[in-house]
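# Structural features, examined
Single-letter residue listing:
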Amino acid sequence: MALRPVQVNIKAIDGPAVGRFWAEALGWDVVQPGVTTYVGPDGALVWPDPVEVCIDIVPVPEPKTPTKNRVHLDLATTSLAHQAELVARLKALGATPADVGQRDVPWTVLADPEGNEFCVLEPRDTYRDTGPIAAIVVDCTDPRGMARFWDEALDWALHEVTDDQAVLRSAKGTGPYLEFLRTTDPKTAPDRVHLDLLPYPGDDKPAEVARLRALGATDLDLGQGDVPWTCLTDPDGHEFCVLAPS
């Protein structure tokens, strides 16, 4: 048994507007199957996408707090010219410069129209074949602990683990990386951005949830009521959801 990340869940006051921004940013399409706004390649007609981790935007009434999100996206570029062009295009779409204490770095930190931080990376060989999203980045206090949990939770391969970071990627060698970076800042607010996981066809969702609890996940009550997905937190306190197979 194993799980796979299928989408990054972003909370937004204006879901359709944020969805349009990310679709333009990534060169993807927007699908609105209901109250949420889904962004994926080629209209995401096949769900889950076989390669990419897509984006699902959920409407909420609360604005983002000034606190930096503990989960963000890094976008890939192929050259310095591409990086500059992408940054300029994203600003024209409504992105704004963001200061998260990065100082003098080769990447550019921006925020989407509702303040969710993300990075436009300088070209790196590591991300040459990831697609538009280079990495899903999670700030955490214990990368080694995150490596132990997420390596068992997912069917992805563990590429690197140190005191400062842990890196996973699909065992197929496609799509974005999942990176856990060490921070000394404690978690003080609910996550505005989180991962949604999905069992494989034929796997038992309750059994998968029980397995995650045994690995150190804890149940999370967000007032979600009777829903087909299960809300949990990992050992570092990051929220995530296990979706029901459709």
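Presented here is a report on the structure given in the accompanying data block. Small disclaimer: the values here were computed from a predicted structure and weren't measured.

Our next topic: unusual backbone geometry. Positive phi, normally seen in glycine, also occurs at Arg-103, with a value near 60°. Structurally, the position occupied by Arg-103 is in the loop between strand 6 (96-97) and strand 7 (108-111). You can call Arg-103 exposed: its relative accessible area is 80%.

Our next topic: the pairing of strand 4 (residues 54-59). In this sheet, strand 4 lies alongside strand 1 (residues 3-12) in parallel orientation, the contact comprising six bridges. Looking across to strand 4, one finds that Val-8 is bridged to Ile-55. Relative to strand 4, strand 3 (residues 37-40) runs antiparallel, the two sharing three bridges. Paired with Tyr-38 across the two strands is Asp-56, which belongs to strand 4.

Here we take up the sheet that holds strand 11 (residues 165-169). Sheet architecture is open: eight strands sit in the order 6-7-8-5-9-12-11-10, paired in mixed fashion. Of all the strands in the sheet, the pair left with one neighbour each is strand 6 and strand 10 (157-161). As paired elements, strand 6 and strand 7 share two bridges and run antiparallel to each other. By the bridge assignment, Thr-96 is partnered in strand 7 with Ala-111. Contacts from helix 1 (residues 15-26) reach strand 5 (71-75), strand 8 (117-120) and strand 9 (133-140), with the element oriented near 30° to strand 5.

Pairing is mixed in the open sheet, where eight strands are placed in the order 2-3-4-1-13-16-15-14. Each edge of the open sheet is held by one strand with a lone partner, namely strand 2 (29-31) and strand 14 (218-219). Relative to strand 16 (residues 239-242), strand 13 (residues 193-199) runs parallel, the two being bridged by three bridges. Its bridge partner being in strand 16, Leu-197 is matched across the sheet by Val-242.

Turning our attention to the packing of aromatic side chains. Remark: the centre distance and the inter-plane angle together describe each pair of aromatic rings, the angle taken between the planes. Within the structure shown, the criterion is met by eight aromatic pairs. Between Trp-22 and Phe-118 the ring centres are 5.0 Å apart and the planes differ by 65°, which places this aromatic pair in the edge-to-face class. Of this pair, Trp-22 sits in helix 1 while Phe-118 sits in strand 8, and the two are 96 residues apart along the sequence. Connected via pairs of aromatic rings, a cluster forms that spans Phe-149, Trp-150, Phe-180 and Phe-240.

With that out of the way, let us pick up the side chain of Thr-36. Summarising the element assignment, Thr-36 is placed in the loop between strand 2 and strand 3. In terms of polar contacts, Thr-36 uses its side chain to reach the side chain of Asp-56, at 3.2 Å.

This next bit is on the packing of helix 3 (residues 143-153) against helix 4 (residues 205-215). Following both chains from N to C, one finds helix 3 and helix 4 inclined at 160°, their axes separated by 10 Å at the closest point. Judged by the inter-axis angle, helix 3 sits roughly antiparallel to helix 4. Pair helix 3 / helix 4 crosses with right-handed handedness. Residue-level inspection shows Phe-149, Glu-152 and Ala-153 of helix 3 in contact with helix 4, the latter providing Arg-211, Leu-212 and Leu-215. A class-by-class count of the residues in the contact of helix 3 with helix 4 yields four nonpolar, no polar and two charged.

Glancing now at the state of the cysteines. Under the counting rule described, the total for this entry stands at zero disulfides. Left unpaired, Cys-119 is separated from the closest cysteine sulfur, that of Cys-140, by 16 Å. Taking relative accessible area as the criterion, Cys-119 reaches 10% and is therefore assigned buried. Looking at the unpaired Cys-241, the closest cysteine sulfur is the one in Cys-231, lying at 3.7 Å.

Counting 51 residues, the largest nonpolar core has Trp-22, Leu-90 and Trp-150 as the members making the most contacts within it. When residues of this core are assigned to their parent elements, the largest contribution, six residues, is made by helix 1. Listed in part, the 12 residues of the second largest apolar core include Ala-111, Val-137, Val-167 and Tyr-177.

Rules used throughout
Residues numbered from 1 in each chain as written. Predicted model: local features only at pLDDT ≥ 70, side-chain atom pairs only at ≥ 80, totals over all residues. Heavy atoms only, no water. Helix = DSSP H or I, 4+ residues; strand = E, 2+ residues; numbered from the N terminus. Buried < 20%, exposed > 50% of the residue type's maximum accessible area, 1.4 Å probe, protein only. Pairing = 2+ DSSP bridges. Contact = heavy atoms within 4.5 Å. Axes fitted to C-alpha atoms, helices over the stretch in contact; angles between N-to-C directions. Phe/Tyr/Trp six-rings, centres within 6.5 Å; stacked < 30°, edge-to-face > 60°. Polar contact = N/O pair within 3.5 Å; in protein donor to acceptor, adjacent residues only side chain to side chain. Parallel < 35°, antiparallel > 145°, perpendicular 65-115°, else oblique. Left-handed = near helix turned anticlockwise from the far one by under 90°. Nonpolar A, V, L, I, M, F, W, Y, C, P; charged D, E, K, R; others polar. Disulfide = S-S within 2.5 Å. Core = buried A, V, L, I, M, F, W, Y, C linked by side-chain atoms within 4.5 Å.

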